[in-house]
Amino acid sequence: MHLFLFDIDGTLLLTGGAGLTAVNRTFKEVCGIDPELKFIEASGKTDPLILFELFAQVMRRRPQNGELERFREVYESSMAEELPRASHFRVLAGAAEFVELLSKRSDVMLGLATGNFEKTAWQKLKRAGLEGYFKFGGFGSDSPIRRELTRIGLERGIKHIGGGIKINGVYVVGDTIHDIDCGRFIGAKTVAVASGFVSAEELKAAQPDFFFPSLVEAEKALTTILCG
């Protein structure tokens, strides 16, 4: 069995600004201010880490007295409302085709390794029409440390597959150097795609096992990936 762990944002889809709008709404409800954020440097970061950084930037302090949990709850609710409104939301080139191709194989199982909170991860995948392909995952709500949540995703994948089934290969698919690092950390093959906001040059410099401009090319090279 081959086990694939996918990143979401920048790899499978882009929310078209829904995430940023949800963050601004959440700050206003939880903290009583509108930060009017225009951009968040989020590539490869977990949602908890992003929130800690934003609290330091906007509030000049760390979250206190349950604020982080409250922020997560309001953020999840806001995201559920903003995703359907996001006119620029899009599934990235080749993503649907690649995961569908993998899902048709009896020797492949698909999971997630994403910094998103678990609930918002599934919200985004549902909006993209991709949620049915993935059976398990490691999420930002499991750990703010990306290596750790990737390890959790792998453990859940092995448990989901069940005992007695040999794992022939584990693959981490993502659009940042953090995905490459996490893949190496769990002993997986790394598949980097330049479909997000990290340049092809930076990704190649991190020396992934496989590099593709997008999942279109990855789909075409699936046999090479599985045998590589």
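Before any of the text, the structure's been laid out above.
Residues numbered from 1 in each chain as written. Predicted model: local features only at pLDDT ≥ 70, side-chain atom pairs only at ≥ 80, totals over all residues. Heavy atoms only, no water.

Caption draft 1: Up close: the overall build of the protein chain. Secondary structure summary: the protein chain contains ten helices and eight strands in total. What you see for the protein chain is a C-alpha radius of gyration of 17 Å, in line with the 17 Å of a compact globule of 228 residues. Across its three principal directions, the C-alpha atoms of the protein chain cover 55 × 35 × 35 Å. Each of the 228 residues in the protein chain was classed as buried or not, and the buried ones make up 51%. Partitioning the contacts of the protein chain with sequence separation of at least 6, the portion at a separation of at least 24 is 66%. With an accessible surface of roughly 10,600 Å², the protein chain has 50% of that area assigned to carbon and sulfur atoms. Side chains of the protein chain give 28 positive and 30 negative charges; the mean places of these two sets differ by 1 Å. (Helix = DSSP H or I, 4+ residues; strand = E, 2+ residues; numbered from the N terminus. Rg over C-alpha atoms; globule rule 2.2 N^0.38 Å. Buried < 20%, exposed > 50% of the residue type's maximum accessible area, 1.4 Å probe, protein only. Contact = heavy atoms within 4.5 Å. Areas by Shrake-Rupley, 256 points an atom, 1.4 Å probe, with all protein chains shown as cover. Lys, Arg positive; Asp, Glu negative; His and termini not counted. Charge placed at Lys NZ, Arg CZ, Asp CG, Glu CD.)

Caption draft 2: Representation of the pairing of strand 7 (residues 189-193) in the model. By the criterion of burial, strand 7 is predominantly enclosed, with four of the five residues buried. Here strand 6 (residues 169-174) pairs with strand 7 via four bridges, running parallel. Paired with V172 across the strands is T190, a residue of strand 7. As paired elements, strand 7 and strand 8 (residues 210-212) share three bridges and run parallel to each other. Each bridged residue has a counterpart across the sheet, and for V191 the counterpart in strand 8 is F210. Regarding topology, helix 8 (residues 200-205) serves as the crossover connection from strand 7 to the parallel strand 8, and that connection is right-handed. (Pairing = 2+ DSSP bridges. Right-handed = clockwise from strand over helix to strand, strands pointing away.)

Caption draft 3: Here's a closer look at the packing of helix 3 (residues 67-85) against helix 5 (residues 118-128). Running from N to C, helix 3 and helix 5 point in directions that differ by 10 degrees, and their axes come no closer than 10 Å. Comparing their axes, helix 5 and helix 3 come out roughly parallel. Across the interface between the two elements, Y75, E76, M79, A80, L83 and P84 from helix 3 touch K119, T120, Q123, K124 and R127 from helix 5. Here the contact of helix 3 with helix 5 is built from residues that sort into five nonpolar, two polar and four charged. (Axes fitted to C-alpha atoms, helices over the stretch in contact; angles between N-to-C directions. Parallel < 35°, antiparallel > 145°, perpendicular 65-115°, else oblique. Nonpolar A, V, L, I, M, F, W, Y, C, P; charged D, E, K, R; others polar.)

Caption draft 4: Region of interest: the nonpolar core. Counting 50 residues, the largest nonpolar core has F4, F6, L12, F98, F134 and I225 as its most contacted members. Per-element accounting of this core gives the leading share, six residues, to helix 1 (residues 18-31). Setting aside anything within four residues of it in sequence, one finds F134 in contact with F6, L12, V99, L110, G111, L112, W122 and L125. L5, M109, I161 and V172 belong to the second largest nonpolar core, which has 13 residues in total. (Core = buried A, V, L, I, M, F, W, Y, C linked by side-chain atoms within 4.5 Å.)

Caption draft 5: Spatial organisation of the sheet that holds strand 7. What the six strands build is an open sheet, ordered 5-4-1-6-7-8; its pairing is parallel. In this open sheet, the two edge strands, each paired with only one partner strand, are strand 5 (137-138) and strand 8. The strands touched by helix 6 (residues 146-161) within the sheet are strand 1 (2-6), strand 4 (108-113), strand 5 and strand 6, with strand 1 carrying the most contacts at an inclination of about 145 degrees.

Caption draft 6: Geometry of the packing of helix 2 (residues 47-59) against helix 3. For the pair helix 2 and helix 3, interaxial distance at closest approach is 11 Å and the crossing angle is 115 degrees. In terms of orientation, helix 2 lies roughly perpendicular with respect to helix 3. Helix 3 is crossed by helix 2, and the crossing has right-handed handedness. Facing helix 2, whose interface residues are D47, L51, F52 and F55, helix 3 presents E67, L68, F71 and Y75. (Left-handed = near helix turned anticlockwise from the far one by under 90°.)

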